[in-house]
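Spelled out, the chains give:
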Amino acid sequence: MDTLSHLLSLYPMRTALDTRCHFGAPWVLDHGASASGVAPYHLIVRGTALVDGADGLTLQAGDLIVFPHGSAHRLYIGDPAQTSSLHTAPGLLRYEGNDGDGPATDILCGEFRFDDDGADGLLTALPPMLVVRTAGRADTQGLSHLIAMLQAEAEAPRAGSEAIVRQLASALFALLIRGWLEQSMAVPGLFAVLAERRLQAALNGMLAAPQQDWTLEKLAAACHMSRATFARLFKQAADAAPAAVLTRLRMAQAARLLDAGRRAGDVAEAVGYQSEAAFHRAFKRQYRMGPGAWRRRAPR
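In this report, we go over the structure that sits alongside the text. (Residues numbered from 1 in each chain as written. Predicted model: local features only at pLDDT ≥ 70, side-chain atom pairs only at ≥ 80, totals over all residues. Heavy atoms only, no water.)

1. A look at the overall build of the chain
Argument step 1. Counting its secondary structure elements, the chain contains 13 helices and 11 strands.
Argument step 2. By principal-axis analysis of the C-alpha atoms, the chain measures approximately 65 × 45 × 35 Å.
Argument step 3. Buried positions account for 48% of the 300 residues belonging to the chain.
Argument step 4. Contacts in the chain between residues far apart in sequence, at least 24 positions, make up 72% of those at least 6 positions apart.
Argument step 5. Surface accessibility of the chain: about 14200 Å² in total, with carbon and sulfur atoms responsible for 50%. (Helix = DSSP H or I, 4+ residues; strand = E, 2+ residues; numbered from the N terminus. Buried < 20%, exposed > 50% of the residue type's maximum accessible area, 1.4 Å probe, protein only. Contact = heavy atoms within 4.5 Å. Areas by Shrake-Rupley, 256 points an atom, 1.4 Å probe, with all protein chains shown as cover.)

Here is the structure:
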């Protein structure tokens, strides 16, 4: 499994695509703050949109914007005070429209929903707002094709459209993250380690074999660096020490193993803890509950 796929597999997520918007300018789309672990997104399929408070950021057809921290936001065109009221209609996706007679913008809206107890490790590693552009870019052809297929199914539903939209939307987050890593000039946190080629061997080792005794010397050797150079580069990229990132990844893997019904003692060994008590303490620090309580929690 490649490093990005392995990382994303540690953070289970459900994708919902639920609203299709068709707005004639002027228009405004206000989205309130989301619950913890919910990241709303908007696909611009036709026209343009401005993002309030984003220094004149203009979204074009083929752009995808996500708010990983669930912050309240506004998309609009024209004077928000002059917009007409919205009207809705049911369908495969809920329809929202207005009576504006200016240039039209079509948007598909949905949410990425992460496990409330496990989302922090991934979502906090992302910026508050994430934009990926696809128009005219060869490196995002997969995402561009996916958007076009979602648009076609949403606008002209046929037999099987509900299942097709659900399956297509499930691939959206991975394609989004891949596109963001390839387009961004500056990538924060855990993803900065993934984006830094010189550190990828260390991150891949942590993900592939969390049970190993990954000392700083071993991680540096995997990247063919001196201990001091590796530690400096890793801290600069991740804004965290290698040991802290290793613990976070071990706990995410432990959570998935507990979800699969594995005993706490077996899980402790699988993620590199010789002492079940030490594993219990580390897990509780990460998730605010012990391994037993995690297994007993209500399904999500």
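2. Let's talk about the sheet that holds strand E3 (residues 38–46)
Argument step 1. Read across the open sheet, the 7 strands follow the order E8-E9-E1-E10-E3-E6-E11; overall the sheet is mixed. Edge positions in the sheet fall to strand E8 (87–89) and strand E11 (130–132), since each has one partner strand and no second. Averaged over all neighbouring strand pairs, the angle between strand axes comes to 20°, with direction disregarded.
Argument step 2. Two elements, E8 and strand E9 (residues 94–97), share 3 bridges in a ladder whose sense is antiparallel. Paired with His87 across the two strands is Gly97, which belongs to E9.
Argument step 3. Sheet strands touched by helix H5 (residues 172–183): strand E1 (13–24), E3, strand E6 (64–66), strand E10 (104–114) and E11. Its angle to E11, the strand with the most contacts, is close to 85°. (Pairing = 2+ DSSP bridges. Axes fitted to C-alpha atoms, helices over the stretch in contact; angles between N-to-C directions.)

3. Brief notes about the side chain of Glu96
Argument step 1. Structurally, the position occupied by Glu96 is in strand E9.
Argument step 2. Classification of Glu96 as buried rests on a relative accessible area of 10%.
Argument step 3. Apart from the residues lying within four places of it in its own chain, the contact partners of Glu96 are Thr19, Arg20, Cys21, His22, Phe23, Leu29, Leu86, His87 and Thr88.

4. So, the state of the cysteines
Argument step 1. For the structure shown, the criterion picks out 0 disulfides.
Argument step 2. Its sulfur unpaired, Cys109 is 3.9 Å from the next cysteine sulfur, which belongs to Cys21. (Disulfide = S-S within 2.5 Å.)

5. Structural notes on the side chain of Asp106
Argument step 1. Take Asp106: it is sitting in strand E10.
Argument step 2. Asp106 sits in the buried class, given a relative accessible area of 7%.
Argument step 3. A distance of 2.4 Å separates the side chain of Asp106 from the side chain of His22, its partner in a polar contact.
Argument step 4. Excluding its chain neighbours within four sequence positions, the residues that come into contact with Asp106 are Cys21, His22, Leu43, Ile44, Val45, Arg46 and Glu155. (Polar contact = N/O pair within 3.5 Å; in protein donor to acceptor, adjacent residues only side chain to side chain.)

6. Quick look at the environment of Ala169
Argument step 1. When you line up the elements, Ala169 lands in helix H4 (residues 161–170).
Argument step 2. Note on Ala169: relative accessible area 1%, which makes it buried.
Argument step 3. Distance in space between the C-alpha atoms of Ala169 and Glu111 is 10.0 Å, their sequence separation being 58 residues.
Argument step 4. Filtering out sequence-adjacent residues up to four positions away, Ala169 remains in contact with Thr15, Leu17 and Leu150.

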